[in-house]
Amino acid sequence: MLSKLLTPKAQKMESSLVRELLHYSQQPDILSLAGGLPDEKYMPSYPAIEALEVSQQYGPSEGEGRLRHQIAEIVKERGVAVEDNQVLVTNGSQQALDLVSRIVLDENSIILTEQPTYLAAIQVFELQGAQIKDVRSDEFGLVPDALRRAIEEYQPKAVYLIPNFQNPAGHCYSKRRRVEIAALLDEKGVLLIEDDPYFDLCYEDVDRTPITHYLETAPWVYMGSFSKVLWPGMRTGYVVSCEALVPYLVKIKQAADLHTNRLGQLMISEYLVSGAYPEHIKKLRRVYAQKRDAMARAIDVNLSGLVSYSLPAGGMFFWVKLPSGVFSDRVLRQALERKVLVLPGLPFFANASELSDGYLRLSFARVSEEDVSNAISILADVIKEIMDESL
Ligand SMILES: Cc1ncc(COP(=O)(O)O)c(C=O)c1O
């Protein structure tokens, strides 16, 4: 019956492994390094909102005027020059990804991504029926020569990039890469979809200037989020875009859900007005940097010589290369038996590759330093056991 009822796209839809594993991570006896969840201990309390009743009525599709202005100021400071009318407030940056995909991708489209890339972006692009081609990436992000070859071979509609503290690989592009990639996209006229939810979670003095800043002629969208720095449950993010795309994004937003919920927008806007945000970000950077360092120490102590990683300069994730012959799904299952939850690298690869089974994504954001140390020590036992068994 369902095969007649559901569209072929709906039938092919796969659910996100992260969302499926989330219910384990909420069990109290599980030590979870799996989700990309911020630590609720450091979420500020909600501000008191005087004109609360405003949020009871329908609002504008583009978003609350004051919040749009604040977002324009935030992205201008990062180097993306926009007017308020280029800002669309969305239900998290996940919705921004969906809306952009709906206006540019269909069954005849190819989109290029980093290898690996954010798994829920893969879900969205595939839902549009687009083909994803992932492009060779290293610790500085996507490799420009490989990008040039891929653009020439596939004539893609768009390139999707997460240049700052990528999910999952943690990389941060060098300035040179940013400039080179922007010049290439200008030359080829390919749309840049730049996703930057981790911009503020920065622990080293690295260049974070959006690639969008360097574009001169190519079309672009740049998306951000308040999820990783304030309250993800508010589901408030944004997309800013070049002028030409603005009316299309607004129309698709109208069709999708009329507008983002007003209460969340007002809360965030009020918090930004309060002036507490810069101090809050400083605190987040301090505590997350400590957690990151604790994870690095635990890996170095327990897994030295077995796994490799690059220390992420920001964000929430270590991307850990497993010893050869140790596969990530087996590590997931055996670690879970010992109440440690990790995320295998596999779902972050859009195309099958010899690399895809050999990584774990480990998040340090929501665990205490003590729990990180315990979890990594258990993980090390599991990895060593698997190695011994395969001898
Ligand atoms: C790269 C990236 N983009 C988008 C999102 C979606 O964030 P949200 O919809 O909560 O703003 C995430 C969340 O993990 C992410 O890592």
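Along each chain, numbering runs from 1 in the same order as the chain's sequence is written. Local features are withheld for residues below a pLDDT of 70 in this predicted model, meaning they are given only at 70 or higher, and side-chain atom pairs are given and counted only at 80 or more; totals for whole chains, interfaces and linings count all residues. Water and hydrogen atoms play no part in the side-chain values, which are based on all heavy atoms of the structure.

Named according to an unreviewed UniProt entry, the protein chain is Putative transcriptional regulator, GntR family originating from Marinomonas mediterranea. Check the Subunit (unreviewed entry) section of the UniProt entry for the protein chain; it says "Homodimer." UniProt positions are given in the numbering used here, feature names are shortened, and annotations may be inferred rather than shown by experiment. Quoted verbatim from the Cofactor (unreviewed entry) heading of the UniProt record, the comment on the protein chain is "pyridoxal 5'-phosphate".

Caption draft 1: Examining the nonpolar core more closely. Among buried residues, those of type Ala, Val, Leu, Ile, Met, Phe, Trp, Tyr and Cys that are joined through side-chain atoms within 4.5 Å constitute a nonpolar core. With a 1.4 Å probe rolled over the protein chains alone, any residue whose accessible area is under 20% of its type maximum counts as buried; one over 50% counts as exposed, and the rest are partly exposed. Within the largest apolar cluster, 116 residues are counted, with the highest numbers of intra-cluster contacts made by I193, V240, V331, L362 and I376. Each helix corresponds to a stretch of at least 4 residues labelled H or I by DSSP, and each strand to a stretch of at least 2 residues labelled E; elements are numbered beginning at the N terminus. No other element matches helix α12 (residues 277-303), which puts 10 residues into this core. Where each domain starts and ends follows an automatic or database-derived domain assignment. When residues of this core are sorted by domain, at least three fall in each of domain 1 (2-43 + 278-389) and domain 2 (54-273). The next biggest cluster of nonpolar side chains, apart from the first, holds 11 residues, and it includes L21, L341, F349 and Y359.

Caption draft 2: Structural context of the sheet that holds strand β8 (residues 220-225). By this definition, two strands are paired if DSSP reports at least two bridges between them. With respect to topology, eight strands assemble into an open sheet ordered β2-β9-β8-β7-β6-β3-β4-β5, the strand pairing being mixed. Unpaired on one side and paired on the other, β2 (87-90) and β5 (141-142) mark the two borders of the sheet. Where strand β7 (residues 191-195) lies against β8, four bridges are found, and the strand directions are parallel. When the bridges of β8 are listed, I193 appears paired with V221. Should any heavy atoms of two residues lie within 4.5 Å, those residues are considered in contact. Axis angles are defined between N-to-C directions and span 0 to 180 degrees, where every axis is a line fitted to C-alpha atoms and, for a helix, only to the segment in contact. Relative to the sheet, helix α6 (residues 119-127) contacts β3 (110-115), β4 (131-138) and β6 (158-161), its axis offset from that of β4 by approximately 150°.

Caption draft 3: The arrangement of the domain arrangement of the protein chain in detail. When the domains of the protein chain are assigned, the result is domain 1 (2-43 + 278-389) and domain 2 (54-273). The C-alpha-based centres of domain 1 and domain 2 are spaced at 24 Å. Carbon and sulfur atoms supply 62% of the area that domain 1 and domain 2 bury against each other, a total of about 2,900 Å² over both sides. Buried area: the accessible area, evaluated with a 1.4 Å probe, that two parts lose upon being put together, summed over both parts. Of all residues in domain 1, the largest losses of buried area upon contact with domain 2 belong to R285, A313 and F348, amounting jointly to 20% of the total for that side. When a carboxyl oxygen of Asp or Glu is within 4 Å of a side-chain nitrogen of Lys or Arg, the pair counts as a salt bridge. Taken together, domain 1 and domain 2 are joined by two salt bridges.

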